[in-house]
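Residue-level structure breakdown
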Amino acid sequence: MTFDEIPLYVAIDRVRRTIASPGAELVSDEQRRQICQLIRAELPFDRHFDADQMLAAWTTFRKSPNGKVGLTVEVGKLHGWKCFMHGRGKGDCSPDVQLDRIVPGSRGGEYNVENCMIMCGKHNNIRKDSSLEAYLLAPFEESA
Ligand SMILES: [Zn+2]
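Residues numbered from 1 in each chain as written. Predicted model: local features only at pLDDT ≥ 70, side-chain atom pairs only at ≥ 80, totals over all residues.

We now examine the pairing of strand β2 (residues 116-120). Across the five residues that make up β2, a large majority, five, are buried. Of the two faces of β2, both are covered, the one formed by Cys116, Ile118 and Cys120 as well as the one formed by Met117 and Met119. Pairing of strand β1 (residues 97-101) with β2 involves five bridges; the strand directions are antiparallel. Considered in β2, the bridge of Arg101 is made with Cys116. (Buried ≥ 20, exposed ≤ 12 C-beta atoms within 10 Å, placed from the backbone. Helix = DSSP H or I, 4+ residues; strand = E, 2+ residues; numbered from the N terminus. Pairing = 2+ DSSP bridges.)

Okay, here's the thing in structure tokens:
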């Protein structure tokens, strides 16, 4: 998922809540056409994704509704869709959206809404398993 694709995943999250079996595989062209129509109706008017993009994201979400994709959407809806490090003196963000555990996994932090925030891949990768406080206080060095 990229930051550009967020409206698409939010739209899919809405559609998934309105249909009877969001986990079912789309087997016919008619089903695929209907899903694209429902997604399109939930997108902001100025955001356009083609059918391939919509169906790829739909499939990604369908395979991971209670996994990282579903959790990323929940966390984004709750805490906002910007990288947590955006504007905090750590340089530009990368385009990829990742879930970052506030308490890192190496310290027992779990993947759940309470312990996760949105971070770009670059900042998540630089932070690694340091505490959030240590990362925020560390001097900024632009990575090569
Ligand atoms: Zn970032």
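The subject of this paragraph is helix α1 (residues 6-18). Its 13 residues place the ends of α1 19 Å apart at the C-alpha level, agreeing with the 18 Å of an ideal helix rising 1.5 Å per residue. What α1 keeps buried is the set Leu8, Tyr9, Ala11, Ile12, Asp13, Val15 and Arg16. Against the buried residues of α1 lie α2 (29-42), α3 (51-63) and α4 (68-79). (Expected span 1.5 Å × (residues − 1). Contact = placed C-beta atoms within 7 Å.)

Since one α-helical turn is 3.6 residues long, residues separated by three or four positions face the same way. Counted at 1.5 Å a residue, the expected span for α3 with its 13 residues is 18 Å, and the 18 Å between its end C-alpha atoms agrees. Buried residues along α3 sit in contact with α1, α2 and α4.

Attention shifts here to the domain arrangement of the chain. Here the chain is described as being made up of domain 1 (3-64) and domain 2 (70-137). Using C-alpha coordinates to define each centre, domain 1 is positioned 25 Å away from domain 2. Contact with domain 1, which involves seven residues of that partner, is made by six residues of domain 2. When the residues that make up the side of domain 1 that touches domain 2 are grouped by side-chain class, the tally is four nonpolar, one polar and two charged. (Domains from an automatic or database assignment. Nonpolar A, V, L, I, M, F, W, Y, C, P; charged D, E, K, R; others polar.)

Attention shifts here to the nonpolar core. By size, the foremost hydrophobic cluster in this structure holds 24 residues, and its most contacted members are Ile12, Ile39, Ile118 and Met119. Looking at this core, the elements that each hand over two or more residues are α1, α2, α3, α4 and β2. Split by domain, this core shows at least three residues from each of two domains, domain 1 (3-64) and domain 2 (70-137). Each residue touching Ile39, except ones within four places of it in the same chain, is listed here: Ala11, Ile12, Val15 and Met54. (Core = buried A, V, L, I, M, F, W, Y, C linked by C-beta atoms within 7 Å.)

Next up on the list: the environment of Gln37. In this structure, Gln37 sits in helix α2. For Gln37, a count of 12 C-beta atoms within 10 Å gives the class exposed. The spatial distance from the C-alpha of Gln37 to the C-alpha of Ala51 is 9.3 Å, given a sequence separation of 14 residues.

Turning our attention to the packing of α1 against α2. Two numbers describe how α1 lies on α2: the axes approach to 8 Å, and their chain directions differ by 120 degrees. The chirality of how α1 crosses α2 is right-handed. Contact residues: Ala11, Ile12, Arg14 and Val15 in α1; Leu38, Ile39 and Glu42 in α2. Grouping the amino acids of the contact of α1 with α2 by side-chain chemistry returns five nonpolar, no polar and two charged. (Axes fitted to C-alpha atoms, helices over the stretch in contact; angles between N-to-C directions. Left-handed = near helix turned anticlockwise from the far one by under 90°.)

On to the environment of Phe84, then. Summarising the element assignment, Phe84 is placed in the loop between α4 and β1. Measuring from C-alpha to C-alpha, the distance between Phe84 and Ala138 comes to 15 Å, with 54 residues separating the pair along the chain. In contact with Phe84, not counting residues within four places along its chain, are Asp100, Met117, Ile118 and Met119.

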